[in-house]
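Here's the letter readout for the chains.
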Amino acid sequence: MCEKFSFIRRDVIGRSLCGREITALTIGNRRSPVLYAAAFHGMEWLNTLFMLSFAEECAEAFRDKASADGVNIFDLLQRRGVTIIPCVNPDGVEISLHGSGSCPRYKEQIDAITGDTSSWQANARGIDLNHNFNARFGGVKAHERELGINSPSPSRYGGKKPFSEPETIALRNFCIGYRPSSAIAFHSQGREIYCTFGDTPERAFVLANTFAVCSDYRVALPELAATGGGFKDWLIGYLRTPAITVETGLGKNPLPLGDYIPEYRRIRRALFRCLSV
Ligand SMILES: [Zn+2]
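Residues numbered from 1 in each chain as written. Predicted model: local features only at pLDDT ≥ 70, side-chain atom pairs only at ≥ 80, totals over all residues. Heavy atoms only, no water.

### Description of helix α7 (residues 202–213)
Compared with the 16 Å implied by 1.5 Å per residue over twelve residues, the 17 Å span of α7 between its first and last C-alpha is a close match. Among all positions of α7, only Ala204, Leu207, Ala208, Thr210, Phe211 and Ala212 are buried. Check the buried side of α7 and you find it contacts β7 (182–188), β8 (192–194), β9 (218–219), β10 (243–248) and α9 (260–273). (Helix = DSSP H or I, 4+ residues; strand = E, 2+ residues; numbered from the N terminus. Expected span 1.5 Å × (residues − 1). Buried < 20%, exposed > 50% of the residue type's maximum accessible area, 1.4 Å probe, protein only. Contact = heavy atoms within 4.5 Å.)

Next comes the structure, spelled out in structure tokens:
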């Protein structure tokens, strides 16, 4: 894609525990871009495909100075670009798809945590990245205790301290450096949108409602387990960035590959429209 569209800027914003690149693709103006980030969790790799499809569609519209779903992409992205981070947790995706052997350096540790990695969500040392951001971290730990999760786990263990993992540090540094004007974190599943965290900026609600109106997803209030420690939570709480979480697809994780095209069609209009909120 980067060869085909020479104007796409590709940055490696960090590396996973096993050394895999965490890539950011930017089209248009890099200052305060709209940020879309996906695959924080191992089983949620379908969102990586949604992000790549969207990046390609944006690049085509930008090159052709065309509109996409009523949005003049070239004008819009020249003023404020879009940065897409298709896969925040490449090790976790590999573990959920191909087992512990895909992370040789951590294989023993992964095997000690579970013999069945098909439901793996965390990074290679069993830290749930979306519980590792510095947002109400005390609440995250209290909730873990209620759930009986006290050590690295396939999901929902936030680590000993916030930003203990290279993947969350990469996102933190990128956001502090480039100050996204808004952000959407893509997870699965439920066809739901979460936008609240404490004193939530008005524009987060506008973003959530725009996404909902342009898809058939609904705005929901998070259950306790989903509150705190998340990327959206940190963006709202620390940087005051309007940010939402979108849970794509409906069914059971991992969503089947057959959902790729139909679900992308469901959300593509929302992806374009949210660029201009
Ligand atoms: Zn998730």
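Having put the structure on the table, let's press on.
### Quick word on α9
Taking 1.5 Å as the rise per residue, α9 with 14 residues should run 20 Å; its terminal C-alpha atoms sit 20 Å apart, in good agreement. Approximately 40° is the largest bend angle found in α9, and it occurs at isoleucine 267. Within α9, burial applies to Glu263, Tyr264, Ile267, Ala270, Leu271 and Phe272. (Bend = angle between axes of the 7 residues up to and from the residue.)

### Digging into the sheet that holds β8
Read across the sheet, eight strands follow the order β1-β2-β6-β3-β7-β10-β8-β9 without closing on themselves; strand pairing throughout is mixed. Each edge of the sheet is formed by a strand with only one pairing partner; in this case those strands are β1 (9–15) and β9. Summarising the sheet, β7 and β10 pair through six bridges and their orientation is parallel. Each residue of the ladder has a partner; that of phenylalanine 186, found in β10, is valine 246. Most of the contacts of helix α6 (residues 166–178) go to β1, to which it runs at about 135°, and overall it touches β1, β2 (21–27), β3 (34–38) and β6 (82–85). (Pairing = 2+ DSSP bridges. Axes fitted to C-alpha atoms, helices over the stretch in contact; angles between N-to-C directions.)

### A few points about the pairing of β6
Burial along β6 is two-sided: the face carrying Val82 and Ile84 and the face carrying Thr83 and Ile85 are both buried. The pairing of β3 with β6 spans four bridges and is classified as parallel. Note on β6: the bridge partner recorded for alanine 37 is isoleucine 85.

### Let's talk about the nonpolar core
Most often, soluble globular proteins have nonpolar side chains that are buried together. If you look at the biggest cluster of nonpolar residues, it comprises 49 residues, and the most contacted ones within it are Tyr36, Phe211 and Leu275. The element contributing the most residues to this core is helix α1 (residues 46–63), with nine residues. Listed in part, the 25 residues of the second largest apolar core include Ile13, Phe40, Leu129 and Ala135. (Core = buried A, V, L, I, M, F, W, Y, C linked by side-chain atoms within 4.5 Å.)

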